[in-house]
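# Observations on the model geometry
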Amino acid sequence: MNNHYPVVIIGGGQAGLAMSWHLTQRHIRHIVLERHQLAWAWRHQRWDNFCLVTPNWQCRLPGFPYDGSDPNGFMLRDDIVAYIERYARSFNAPLREGVTVEQVTQRGEGFQLRTSAGEFLADRVVVAVGNYHRPRFPEIAAQLPKHIAQVHSADYKSARQLPEGEVLVVGSAQSGAQIAEDLHLDGRRVHLCVGSAPRVARFYRGKDVVEWLEQMGHYRLTVDNHPLGEDARRKTNHYVTGRDGGRDIDLRAFALQGMQLYGRLLGYREGQLLTADDLQRNLDGADATSQKIKDSIDAWIAEQGIDAPAEARYQPLWQPEPGARPIDLRNISAIIWAVGFHTDFSWIDAPAFNASGYPRHTRGVSVHPGLYFLGLPWLWTWGSGRFEGVGEDAEWLAKHIAHHAVRAEPAENDYVNDAR
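Anyway, here's the lowdown on the structure attached to this text. (Residues numbered from 1 in each chain as written. Predicted model: local features only at pLDDT ≥ 70, side-chain atom pairs only at ≥ 80, totals over all residues. Heavy atoms only, no water.)

### Considering the overall build of the protein
Convention followed: A run of H or I in DSSP counts as a helix once it spans at least four residues, and a run of E counts as a strand once it spans at least two, with each numbered from the N terminus. In this treatment the radius of gyration is a C-alpha quantity, and the globule benchmark scales as 2.2 Å times the residue count to the 0.38 power. Exposure classes here rest on a 1.4 Å probe applied to the protein chains alone. A residue is buried below 20% of its type maximum, exposed above 50%, and partly exposed in between. We get accessible surface area from the Shrake-Rupley algorithm with a probe of 1.4 Å; when it comes to residues, only the shown protein chains can shield them.
Of regular secondary structure, the protein possesses eight helices and 24 strands. Here the protein has a C-alpha radius of gyration of 23 Å; the compact-globule value for 420 residues is 22 Å, and the two agree. Taken along the three principal axes of its C-alpha coordinates, the protein extends 70 × 60 × 40 Å. Buried positions account for 53% of the 420 residues belonging to the protein. Total accessible area on the protein stands at roughly 18900 Å², and carbon and sulfur atoms take up 48% of it.

### Quick word on the environment of Cys 193
Where we set the bar: Any two residues whose heavy atoms approach within 4.5 Å at even a single point are treated as in contact.
In this fold, Cys 193 is placed in strand β12 (residues 190-193). Using a relative accessible area of 3% as the deciding quantity, one classes Cys 193 as buried. For the pair Cys 193 and Ala 338, spaced 145 residues apart in sequence, the C-alpha separation works out to 9.9 Å. When neighbours within four sequence positions are excluded, Cys 193 is seen to be in contact with Leu 168, Val 169, Val 170, Gly 171, Ser 172, Tyr 262, Gly 263, Leu 265, Thr 275 and Ile 327.

### Some details on the packing of aromatic side chains
Under the convention used in this document: Only the six-membered ring of Trp is used, alongside the rings of Phe and Tyr, when aromatic pairs are assigned; centres must lie within 6.5 Å, and planes under 30 degrees apart are stacked while those over 60 apart are edge-to-face, with the rest tilted. Only when the NZ atom of a Lys or the CZ atom of an Arg is both within 6 Å of the ring centre and within 35 degrees of the ring normal do we say a charge sits over the ring.
Considering all chains together, one arrives at 13 aromatic pairs under this definition. Taken together, Trp 42, Trp 47, Phe 50, Phe 64, Tyr 83, Tyr 87, Phe 91 and Phe 387 form an aromatic cluster joined through their ring pairs. A cation over an aromatic ring shows up here: Arg 46 above the ring of Phe 50, its NZ or CZ 5.4 Å from the ring centre. Here Lys 207 stacks its cationic end above the ring of Trp 212, 5.4 Å away from the centre of that ring.

### Examining the environment of Asn 2
By secondary structure assignment, the location of Asn 2 is in the segment before β1 (4-10). Its relative accessible area of 67% is what places Asn 2 among the exposed residues. For the pair Asn 2 and Leu 162, spaced 160 residues apart in the sequence, the C-alpha separation amounts to 48 Å.

### Some thoughts on the pairing of strand β7 (residues 110-115)
The side chains of a regular strand alternate, first on one face of the sheet and then on the other. Keep this limit in mind: Here the rule is simple: two strands pair whenever DSSP picks up at least two bridges between them.
The pairing of strand β6 (residues 101-107) with β7 spans six bridges and is antiparallel. Of the residues in β7, the one forming a bridge with Arg 107 is Gly 110. Hairpin connection from β6 to β7: two residues lie between these consecutive antiparallel strands, with Gly 108 at a positive phi of about 60°. The loop that links β7 with its antiparallel partner strand β8 (residues 118-127) comprises two residues.

Here it is, written out as structure tokens:
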């Protein structure tokens, strides 16, 4: 049957393509089904000035490491999309775009996939759709005045899309901190609700901190030997930026420049947003994480006898006033909700998930035979959800699939991306 494949990969981002590359090397016939288009999230769920927060040299898609002229730089959004497009062309990935997988169910020893393009059958299914599925909005969003524009971080593009006036950003993890900076640099008066997200320095003692951590083996740490175990998967990303060649994001410095900082958002009452009295604690906690990382780098430098320049430690230049402050909404024209996403695997009809709906797996091999997951944060290592480590996870799954009696045959690329 033309619609029966030894392997169907769901998702046409870097994870799905990395999986496709490894299956192609093993001559295992397969197809990649993408709901929208190749690299859709990079194209449409990133703002105009978005760039990587990890150096370009960490882009290590299998068979296709970063091929540009600035390995220590940080690719912009459109450069990232172009990199992924070149990757798909490099091995003629069997990609079919515009196909929504509506349901996956068991059928005999394989699977039936009901899609917007008809039925597909698969001996094995690799789910490579990440875990950022539905934008999250807090319940409070429905209570706010109608004149305030509300935008999720996934839909934010630039200050130009927002009405004139002051902007509130809720959430200070990676996206929230960078969007607040983007608006601030555009000249907007920004209000930011600061949570408990940690931060990390961009450079320290002569190197990008990522380079130090690479040398120290931090990115080889697996979820099995991480001090937090599987709880590492719920950790919030550190905020930093690769913008303009890379720098720290220092919220205290922004406060000195006029950005209004508050604690966590608690509720809404009579035209005001109520916030928690935890701004000082949250800023101090973020700084403490950055300092702890520097401590580990100092220890590594001393242990290895590395000749690295000394560097003075960060000293906070701004402290918040004690007590919680409400946010008066009279001058707020827009709110950016940078509060994350819901994970939704409800379309997979298989006993493969825990009570909260997260896949039960070991390094991507599901507890349900024939089902695999790829591209999830900390699926195995820090880089599992990134360009840095997704290729190794894909290789592991490809070996597992090949070992478990999937018939190897010429990988006929029945479907290709028309854009290529």
